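Here are the chains, one letter per residue:
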Amino acid sequence: MVKKYAELYLDARRALLPTEGQFASNVARELICAASGKTAEQLISDRDLYASEEICELAQSFVRRRVAGEPMPYILGEWDFYGMTLTVTPDVLIPRDDTMAVTELAIKKALFLEQNPRILDLCTGSGCIGLAILLGYFLLVSLPCPDGLSPNGKRAIAMMFAAVLIWVFEILPVAVASVLFAVLPAVAGILPLPKMMQLFATPTIFFVFAMFCIAIAFQNSGLSRRIVLWTSLRSKGSPVRLLLLLMMVCALLSTILADIPVVAMMLPVAVLLLEKNGCVKGTSNFGKAVMLGLPIACLIGGVGTPAGSAMNMLTISLLQSTADVHIGFFEWTAIGMPMVLVLTPLAWWLVIRAFPPEIGRLAGMDLVEREYAGLGGLGRRESVFIAVLAVNFILWSTEKLHGIPLPVAAVIGCAIFSLPAVELLTWEQDKGRIGWDSLMLIGASNALGMAIWETGGAAWIAHACLGGVAGMPLAGVIAVISLFTVVIHLLIPVNTAIVAVLLPALAALAGTMGVNPAVLAIPMGFSVSAAFLLPLDAVPLVTYPAGYYRMFDMFKPGCLISVVWVVVMTLVMFAIAVPLGLL
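Residues numbered from 1 in each chain as written. Predicted model: local features only at pLDDT ≥ 70, side-chain atom pairs only at ≥ 80, totals over all residues. Heavy atoms only, no water.

Asks: Would you take a moment to explain a nonpolar patch on the surface for this structure?
Replies: On the surface, Val563, Val567 and Leu571 cluster together into a nonpolar patch covering about 280 Å² of accessible area. Position of Val563 among the secondary structure elements: in helix 29 (residues 555-580). A relative accessible area of 48% places Val563 in the partly exposed class. (Patch = residues over 30% accessible without salt bridge, like charges linked within 9 Å, V, L, I, M, F, W, Y side chains within 5 Å. Areas by Shrake-Rupley, 256 points an atom, 1.4 Å probe, with all protein chains shown as cover. Salt bridge = Lys/Arg side-chain N within 4 Å of Asp/Glu carboxyl O. Helix = DSSP H or I, 4+ residues; strand = E, 2+ residues; numbered from the N terminus. Buried < 20%, exposed > 50% of the residue type's maximum accessible area, 1.4 Å probe, protein only.)

Set out below in structure tokens:
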């Protein structure tokens, strides 16, 4: 019996849920892709097409084998290891995490052997260790150490490159890979283990942890639902006005809350209104505008304050570590909020021009009005959240007056939400909603970035890759850095890695130019959030599965928004940097 690809996927996920739990969706997608020969993107775009009978039977066979406990590599017939795709059958063992560790150790030993050493791999199985050592050894040894780059600097850069590949292609789970690459530099002799642990446990981790907790408390308070419904009512039935209000609210909330929870709380009401107005998935211009406008606004709003994005705090932390330049909450906000207030309306205008709504007036507003009326007055939990958040915001903004570091103040505020009298954060219920993978990723990125800095690799990158811009006017340098950071998302869609690699290099470049490192680092830290070209970032991926727009629909408004971003970023830096004493 033939089925649509969407039905095939849903059936597989349902069957896998008892054994795979939270990973059922990913496993189901991988099995259907393997059976059909499609990529994940093709599977989404072809979800309404019918699969052949042969594909249906093969996919169902894969699911039955997985439910019975057969390892994924044996079902798929292949497994990725150390950048290679290896054929795997039940006759050989599956490459594992400890296999990776053995391989890394062997490569390190091989680097210090005589020229053309012989390496013997006994009981090879799939041959993954021998092949990986051969590949890694020749890649590392065949590249001579460039002038100005120390051997340790080269190893640090290679380590970051390997980490980025594993994060991007998800060869290992993100959290596992992050912890692994936090300790591997000690094995490779780049930096001692105590130093790597010190760099891993950056204060940024604790601040981002607090931001996750605040976002959860916001949702638990019920205030998020009230804001979404109120915003929808203020549109008075105009689709263009609704989009502007939704984008402005998304942007403003994202200045103090993580982007993903904000766009996730807006999504249900947006979907409801689109369905009530008969907006067809994939063809409705208004559907495309709404589903693209929400994540774009959140990405813009995320740069407004240090609390808006983990990348903001990672930028501040690395700037302090590499250049001993401290940027406080107020200084960042003084640059960020003008960006948000200028760019959000411009982004709305560009999205509307790219996808003019096909409807003149919204239907279904009566349902929104009834639901909003049912909320009644502001509840106790909502009032408590507003009061605690207000105190937190005051503490964040006045760090120079009271001397309490920003991460400490944020964690104190997070703890208040957990008090029995407040009850906006219940650990047993909410701990699964915290992005532990993101926290590990931030720690590893900070540690690897600092390893590149301390071994001299950052100075070499700055000279080799950015030295050509040093002679340009400062405005041109800022524009080039912003544009480069925006475009690099297409190659490295891992924001933490972009910050960890570029910031130490920019700090070194600033030293050669004789300018404050913050003048170059801040535009990069802002622009790393400008993932507008394709829905590769986690924020647009919240709305992408709804099916209202395709992958390249984002490029049309996103390209223009990116150009406007670079121009506004450059102008704002020059307008605000002088009063702040950065220039």
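Asks: It is not clear to me how the side chain of Asn277 should be interpreted in this structure. Could you clarify?
Replies: By secondary structure assignment, the location of Asn277 is in the loop between helix 14 (259-276) and helix 15 (285-301). In this structure Asn277 comes out as buried when scored by relative accessible area, which is 13%. Other than its neighbours up to four places away in sequence, Asn277 contacts Ile359, Arg361, Leu362 and Ala363. (Contact = heavy atoms within 4.5 Å.)

Asks: Explanation requested: the pattern of salt bridges in the structure shown.
Replies: In a structure, side chains of opposite charge can pair up when their charged atoms sit close to one another. Applying the stated criterion across every chain, the model contains nine salt bridges. Note that Asp11 and Lys3 form a salt bridge whose closest N and O atoms lie 2.5 Å from each other. We note a salt bridge from Arg14 to Asp11, for which the minimum N-O separation is 2.9 Å. Note that Arg14 and Asp11 are positioned in helix 1 (residues 5-20) at a spacing of three residues, about one turn of the helix.

Asks: Would you take a moment to explain unusual backbone geometry for this structure?
Replies: Excluding glycine, most residues fall at negative phi; most peptide bonds, likewise, are trans. With a phi angle near 55°, Asp324 is a residue other than glycine that sits in the positive phi range. Along the chain, the position of Asp324 falls in the loop between helix 16 (310-323) and helix 17 (329-354). Look at Asp324 and you get exposed, because its relative accessible area is 60%. Of note in this structure, Glu423 is not a glycine but carries a positive phi near 55°. Mapped onto the elements of the fold, Glu423 is located in the loop between helix 21 (406-417) and helix 22 (427-430). The partly exposed category is assigned to Glu423, whose relative accessible area is 44%.

Asks: Would you mind going over the packing of helix 14 against helix 15 with me for this structure?
Replies: Two quantities define a packed helix pair, namely the angle between the helix axes and the distance between the axes. Running from amino to carboxyl end, helix 14 crosses helix 15 at an angle of 165°, the nearest separation of the two axes being 9 Å. The orientation of helix 14 relative to helix 15 falls into the category roughly antiparallel. In this structure, helix 14 meets helix 15 at a crossing whose hand is right-handed. Between helix 14 and helix 15, the contacting residues are Asp259, Val262, Val263, Met266, Leu267, Ala270, Val271 and Leu274 on the first element and Phe286, Gly287, Val290, Met291, Leu294, Pro295, Cys298 and Leu299 on the second. Among the residues making up the contact of helix 14 with helix 15, the classes are represented as 14 nonpolar, one polar and one charged. (Axes fitted to C-alpha atoms, helices over the stretch in contact; angles between N-to-C directions. Parallel < 35°, antiparallel > 145°, perpendicular 65-115°, else oblique. Left-handed = near helix turned anticlockwise from the far one by under 90°. Nonpolar A, V, L, I, M, F, W, Y, C, P; charged D, E, K, R; others polar.)

Asks: Can you walk me through the packing of aromatic side chains in this structure?
Replies: One pair of aromatic rings is described through two measures. These are the centre distance and the angle between the planes. Applying the stated rule across the entire model yields eight aromatic pairs. On the numbers, 5.3 Å between centres and 40° between planes, the contact of Phe218 with Phe385 is tilted. Taken together, the residues Phe218 in helix 11 (residues 203-221) and Phe385 in helix 19 (residues 380-397) connect sequence positions 167 residues apart. Accessibility classification places Phe218 together with Phe385 in one group, the buried group. Measuring from centroid to centroid gives 6.1 Å for Trp427 and Trp436, while their planes differ by 80°, and the two rings are edge-to-face. A relative accessible area of 36% places Trp436 in the partly exposed class. Taken together, Phe209, Trp427 and Trp436 form an aromatic cluster joined through their ring pairs. Looking at Lys556, its charged tip hangs above the ring of Phe355, at a distance of 5.7 Å from the centre. (Phe/Tyr/Trp six-rings, centres within 6.5 Å; stacked < 30°, edge-to-face > 60°. Lys NZ or Arg CZ within 6 Å of the ring centre and 35° of its normal.)

Asks: Just to check I follow, could you spell out the side chain of Thr322 for this structure?
Replies: Here Thr322 lies in helix 16. On the accessibility criterion, Thr322 (10% relative accessible area) is buried.

Asks: Before we go on, may I ask you to explain helix 2 (residues 24-36) in this structure?
Replies: An α-helical segment advances 3.6 residues per turn. Residues three or four places apart therefore align on the same side. Under the 1.5 Å per step criterion, the end-to-end length of helix 2 is 18 Å for 13 residues, consistent within 8% with the ideal 18 Å. Looking only at helix 2, the buried set comprises Ala24, Val27, Ala28, Leu31, Ile32, Cys33, Ala35 and Ser36. Buried-residue contacts for helix 2 involve helix 1, helix 3 (40-45), helix 4 (53-67) and helix 5 (72-76). (Expected span 1.5 Å × (residues − 1).)

Asks: How should I be thinking about the state of the cysteines in this particular structure?
Replies: Disulfide: a covalent bond connecting the sulfur atoms of a pair of cysteines. Here the structure, examined in full by the defined rule, presents zero disulfides. Distance from the sulfur of Cys298, which forms no disulfide, to the nearest cysteine sulfur (Cys250) is 4.0 Å. (Disulfide = S-S within 2.5 Å.)

Asks: Help me understand the environment of Lys556 in this model?
Replies: Within the element layout of this structure, Lys556 appears in helix 29. The spacing of Lys556 and Ala354 is 202 residues in sequence and 6.8 Å in space, taken between C-alpha atoms. Polar contacts involving the side chain of Lys556 include one to the main-chain carbonyl oxygen of Ala354, which spans 3.4 Å. (Polar contact = N/O pair within 3.5 Å; in protein donor to acceptor, adjacent residues only side chain to side chain.)

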